Amino acid sequence: MALLRRFEAMSFSAQLIAVAVVCDPIGFAAGYLLAPEFGVEPILGGVYGLVAASVPLSLLVLRESMSG
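Being a predicted model, the structure only gives us computed values, none of them experimental. (Residues numbered from 1 in each chain as written. Predicted model: local features only at pLDDT ≥ 70, side-chain atom pairs only at ≥ 80, totals over all residues. Heavy atoms only, no water.)

Asks: Please provide a residue-by-residue account of the overall build of the protein, values included.
Replies: Each helix and strand counted, the protein has three helices and zero strands in total. By principal-axis analysis of the C-alpha atoms, the protein measures approximately 45 × 25 × 15 Å. In the protein, which comprises 68 residues, the share counted as buried stands at 15%. Contacts in the protein between residues far apart in sequence, at least 24 positions, make up 44% of those at least 6 positions apart. (Helix = DSSP H or I, 4+ residues; strand = E, 2+ residues; numbered from the N terminus. Buried < 20%, exposed > 50% of the residue type's maximum accessible area, 1.4 Å probe, protein only. Contact = heavy atoms within 4.5 Å.)

Asks: Describe the environment of Gly27, with residues and values.
Replies: With respect to the helices and strands, the residue Gly27 is situated in helix α2 (residues 12-34). Along the chain, Gly27 and Ala52 lie 25 residues apart, while their C-alpha atoms are 6.7 Å from each other. Leave out the neighbours within four places in its chain, and Gly27 touches Gly49, Leu50 and Ala53.

Asks: Could you give me a rundown of the packing of α2 against helix α3 (residues 42-67), with the residues and numbers involved?
Replies: In the contact formed by α2 and α3, the axes pass within 7 Å of each other and the chain directions differ by 155°. Compared by their axis directions, α2 and α3 come out roughly antiparallel. In this structure, α2 meets α3 at a crossing whose hand is right-handed. Grouping the constituent residues of the contact of α2 with α3 by class yields 16 nonpolar, six polar and three charged. (Axes fitted to C-alpha atoms, helices over the stretch in contact; angles between N-to-C directions. Parallel < 35°, antiparallel > 145°, perpendicular 65-115°, else oblique. Left-handed = near helix turned anticlockwise from the far one by under 90°. Nonpolar A, V, L, I, M, F, W, Y, C, P; charged D, E, K, R; others polar.)

Asks: Give me the UniProt feature "domain: DUF8141" (unreviewed entry) in the protein: which residues, what numbers.
Replies: In the numbering adopted here, UniProt assigns the feature "domain: DUF8141" (unreviewed entry) to residues 3-65. Across residues 3-65, helical content stands at 86% and strand content at 0%; the span's end C-alpha atoms are separated by 23 Å. (UniProt positions renumbered as here; feature names shortened; annotations may be inferred.)

Asks: Which residues make up a nonpolar patch on the surface, and what values go with them?
Replies: On the surface, a nonpolar cluster with roughly 710 Å² of combined accessible area is contributed by Tyr32, Leu33, Ile43, Leu44, Val47, Tyr48 and Val51. Sorting elements by how many residues they give to the nonpolar patch places α3 first, with five residues. When you line up the elements, Ile43 lands in helix α3. (Patch = residues over 30% accessible without salt bridge, like charges linked within 9 Å, V, L, I, M, F, W, Y side chains within 5 Å. Areas by Shrake-Rupley, 256 points an atom, 1.4 Å probe, with all protein chains shown as cover. Salt bridge = Lys/Arg side-chain N within 4 Å of Asp/Glu carboxyl O.)

Asks: Outline the environment of Ala20, supporting the account with residue identities and numerical values.
Replies: Relative to the helices and strands, Ala20 is located in helix α2. Classification of Ala20 as partly exposed rests on a relative accessible area of 23%. Distance in space between the C-alpha atoms of Ala20 and Val40 is 25 Å, their sequence separation being 20 residues. Residue contacts for Ala20: discarding those within four places in its chain leaves Pro25 and Leu57.

Next up, the structure:
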């Protein structure tokens, strides 16, 4: 819970950067590693993973736009 409070205490721009730094590498790596299971080239799977990793970032922007 302390991490959540610390995250919410950050400015909006810092929150965006933190979410991108955490989610983008995880999304790329997961897509790259899982792509052969679905018959897709690994680099294309990495791109799909980056697209999927942008969902939390979009939700953060949506939450900010609705609150302010």
